[in-house]
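Commentary on secondary and tertiary structure
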Amino acid sequence: MAKMKKDSYYDLVYYVTRQIPIGRVSTYGAIADYLTLGSARMVGWALTQSNQLGSEDIPAHRVVNRKGELSGRVHFKPPSKMQTSLESEGIVIKDDKVQDFKTCFWHPQELD
DNA sequence: TCTTTGACGTACA
DNA sequence: GTGTACGCCAAAG
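Owing to the predicted nature of the structure, the values given are computational and were not obtained by experimental measurement.

**Focus: a nonpolar patch on the surface**
Where nonpolar side chains cluster on the molecular surface, the patch consists of Tyr15, Tyr34 and Leu111 and spans about 290 Å² of accessible area. Looking at the element boundaries, tyrosine 15 is found in helix α1 (residues 9-18). Taking relative accessible area as the criterion, tyrosine 15 reaches 48% and is therefore assigned partly exposed.

**Description of helix α2 (residues 28-35)**
Every buried residue belonging to α2 is among Tyr28, Ala30, Ile31, Ala32 and Leu35, and all of these are buried. If you follow the buried residues of α2, they end up packed against α1, β1 (26-27), α3 (40-52) and β2 (63-64). Just downstream of α2 lies threonine 36, where phi reads positive at about 55°.

**Observations regarding the protein's contact with DNA strand C**
Lining the immediate surroundings of DNA strand C are Tyr9, Tyr10, Leu37, Gly38, Ser39, Arg41, Met42 and Trp45. Near-protein atoms of DNA strand C (within 4 Å) split between backbone and bases, with sugar and phosphate holding 76%. Note that a sugar or linking oxygen of DNA strand C is positioned 3.5 Å from one of the side-chain N or O atoms of tyrosine 9. Tryptophan 45 is positioned with one of its side-chain polar atoms (N or O) 3.5 Å from a sugar or linking oxygen of DNA strand C. Those elements that place two or more of their residues in the surface near DNA strand C are α1 and α3. When residues of the surface near DNA strand C are assigned to their parent elements, the largest contribution, three residues, is made by α3.

Procedures and definitions
Residues numbered from 1 in each chain as written. Chains lettered and ligands numbered in written order. Predicted model: local features only at pLDDT ≥ 70, side-chain atom pairs only at ≥ 80, totals over all residues. Heavy atoms only, no water. Patch = residues over 30% accessible without salt bridge, like charges linked within 9 Å, V, L, I, M, F, W, Y side chains within 5 Å. Areas by Shrake-Rupley, 256 points an atom, 1.4 Å probe, with all protein chains shown as cover. Salt bridge = Lys/Arg side-chain N within 4 Å of Asp/Glu carboxyl O. Helix = DSSP H or I, 4+ residues; strand = E, 2+ residues; numbered from the N terminus. Buried < 20%, exposed > 50% of the residue type's maximum accessible area, 1.4 Å probe, protein only. Contact = heavy atoms within 4.5 Å. Near = heavy atom within 4 Å. Polar contact = N/O pair within 3.5 Å; in protein donor to acceptor, adjacent residues only side chain to side chain.

Here it is as structure tokens:
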């Protein structure tokens, strides 16, 4: 596994998303900026694809929007699974939003 | 090939 | 704080 088959923008997003520590959350913008994708939408798109594929190896529930809102919960099965998973990891969710978002926020740059 | 849509973000009134 | 507009780029029809 010294070399990945392809370095499509999804692979980058998948990789970074897997690096998100438990009890922490990241944002589309942070990932997009770190990977220099140019648009946060690319991150959401990749995550949607991975989710539809059933790639549970990717903790997409730890990725939220800039406001800390669980904007993509509707893409989960069931949608409430996103909040449940986050709360299970010690993250406080209130009204579909991360309370200590500022504290739980994690930036991929932490890997460096 | 063109148009529309989308788990977003920033800017402005 | 809210609503509107634009940019961003890829996938689907």
